[in-house]
Amino acid sequence: MRRPTDEMLSGIDALVFDVQDSGARCYTYPTTMAYAMEVAARRGIEVFVLDRPNPISAAIVQGPVMDSDLRSFTGYFPMPTRHGMTIGELAEMFNSENRLGARLHVIAMRGYHRGYWFDQTGLAWIAPSPNLRTLGQATLYSGVAMVEGTNLSVGRGTATPFELVGAPWIAADALSSYLAARGIAGVHFAPADFTPASSRYAGRVCHGVRIILDDRAALNSPELGIELASALHRLYPRDFDLEKSLAMVGSKRVLAEIAAGEDPRAIAAGYEPELRKFRRLRAQFLLY
């Protein structure tokens, strides 16, 4: 059940949303908040959103903007992979742009600067979900998750989710060498063999890469996701199920360009006009 029912809200005067977001578009918590706002609006119930930091910095906006016809539980609003907003700012944008009509109150943070990464806030890291155990994993998530819907393991069921990408049909050395030659800023790669205890390929040996985060400020994580998809499609066109990445990539044009073998840097340059447009929209709702 993804939306509160009328029975759940019977006799309730207000809903309070106090949940830590990941900073990535392809995450269900902002959608859950928006669904609750929709239902609360219909019933005239006030909604209070207690704002929280964007753990991967609310000053960085990166990645393809989601096509409006690809809305889903992992993509509520047409925004980039890395939206650069806090959960409270998202609530204000959703309410205004989707005309939800919610009686919304965002309780802003004190002493917050939007350029902070989570470890600069002075707050203790508590995993927002079981597979985002560290800030480093949350940083990689907004890129690696772009290929998660395919026939790959992204390390779920291991001790280091989103630091691993692999499958039984990958040659680890070949993939690692290819990605290393791409010179992707902020990360490097090492061949890796791993066996997930759960999730995709549970109990099977997967070959692939470990992604080592070197410089989070230099990393364009959604572009990393496009690099991964491009490398896998180029090296394993018969094995890698590129089409299943559409929901997480969020853009039919970007997916078509990956399939056509275009360079990931050129693909990223191609969606820059859409990013500029989103940044103008985003600016209307910034609280910090």
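Just above sits the structure.
Residues numbered from 1 in each chain as written. Predicted model: local features only at pLDDT ≥ 70, side-chain atom pairs only at ≥ 80, totals over all residues. Heavy atoms only, no water.

## Here's the deal with the environment of P264
For the record, the criterion: Numbered from the N terminus, helices here are DSSP runs of H or I no shorter than four residues, and strands are runs of E no shorter than two. Here's how the labels work: a residue is buried when its accessible area is under 20% of the maximum for its type, exposed when over 50%, partly exposed in between, all with a 1.4 Å probe on protein chains only. Between two residues, a contact is recorded if the distance between any of their heavy atoms is within 4.5 Å.
Tracing the sequence through the fold places P264 in helix 9 (residues 264-270). On the accessibility criterion, P264 (4% relative accessible area) is buried. Sequence spacing of P264 and R200 is 64 residues, and the spatial spacing of their C-alpha atoms is 26 Å. The residues touching P264, leaving out its near neighbours within four places in the chain, are R182, E223, I226, E227 and S230.

## So, the nonpolar core
How we decide: Within this scheme, the nonpolar core is defined by two criteria: the residues are buried Ala, Val, Leu, Ile, Met, Phe, Trp, Tyr or Cys, and they are joined through side-chain atoms within 4.5 Å.
M33, V49, M93, F94, V144, I211 and L224 are the most contacted members of the largest nonpolar core, which has 79 residues in total. The greatest single-element share of this core, amounting to 7 residues, is contributed by helix 2 (residues 28-43). Other than its neighbours up to four places away in sequence, V144 contacts V154, F162, V165, I211, L224 and L228. Listed in part, the 5 residues of the second largest apolar core include I56, W117, L135 and A138.

## Describing the sheet that holds strand 8 (residues 206-213)
Definition in use: Two strands are said to pair when DSSP picks up at least two bridges between them. Each axis is a line fitted through C-alpha atoms, and for a helix only the stretch in contact is used; angles between axes span 0 to 180 degrees, taken between their N-to-C directions.
Read from one edge to the other, the open sheet built from 3 strands follows the order 6-8-7, with strand pairing classed as antiparallel. The open sheet is flanked by strand 6 (164-167) and strand 7 (187-194), the only strands paired with a single partner. For this sheet, the mean angle separating the axes of adjacent strands, direction not counted, is 20 degrees. Alignment of strand 7 against strand 8, held across 8 bridges, turns out to be antiparallel. Bridging from a neighbouring strand, A192 pairs with G208 of strand 8. Seen against the sheet, helix 5 (residues 172-181) touches strand 7 and strand 8 and runs at an angle of roughly 175 degrees to strand 7.

## Digging into helix 2
The test is simple: Take the residue count of a helix, subtract one, and multiply by 1.5 Å to get its expected span.
Between its first and last C-alpha atoms helix 2 spans 23 Å; for 16 residues at 1.5 Å apiece the expected length is 22 Å, and the two agree. Looking only at helix 2, the buried set comprises P30, T31, M33, A34, Y35, A36, M37, E38, V39 and A40. Elements that come into contact with the buried residues of helix 2 comprise helix 1 (6-9), strand 1 (14-17), strand 2 (46-50), helix 3 (87-97) and strand 5 (103-107). In the segment just after helix 2, G44 is the residue with positive phi, at about 70 degrees.

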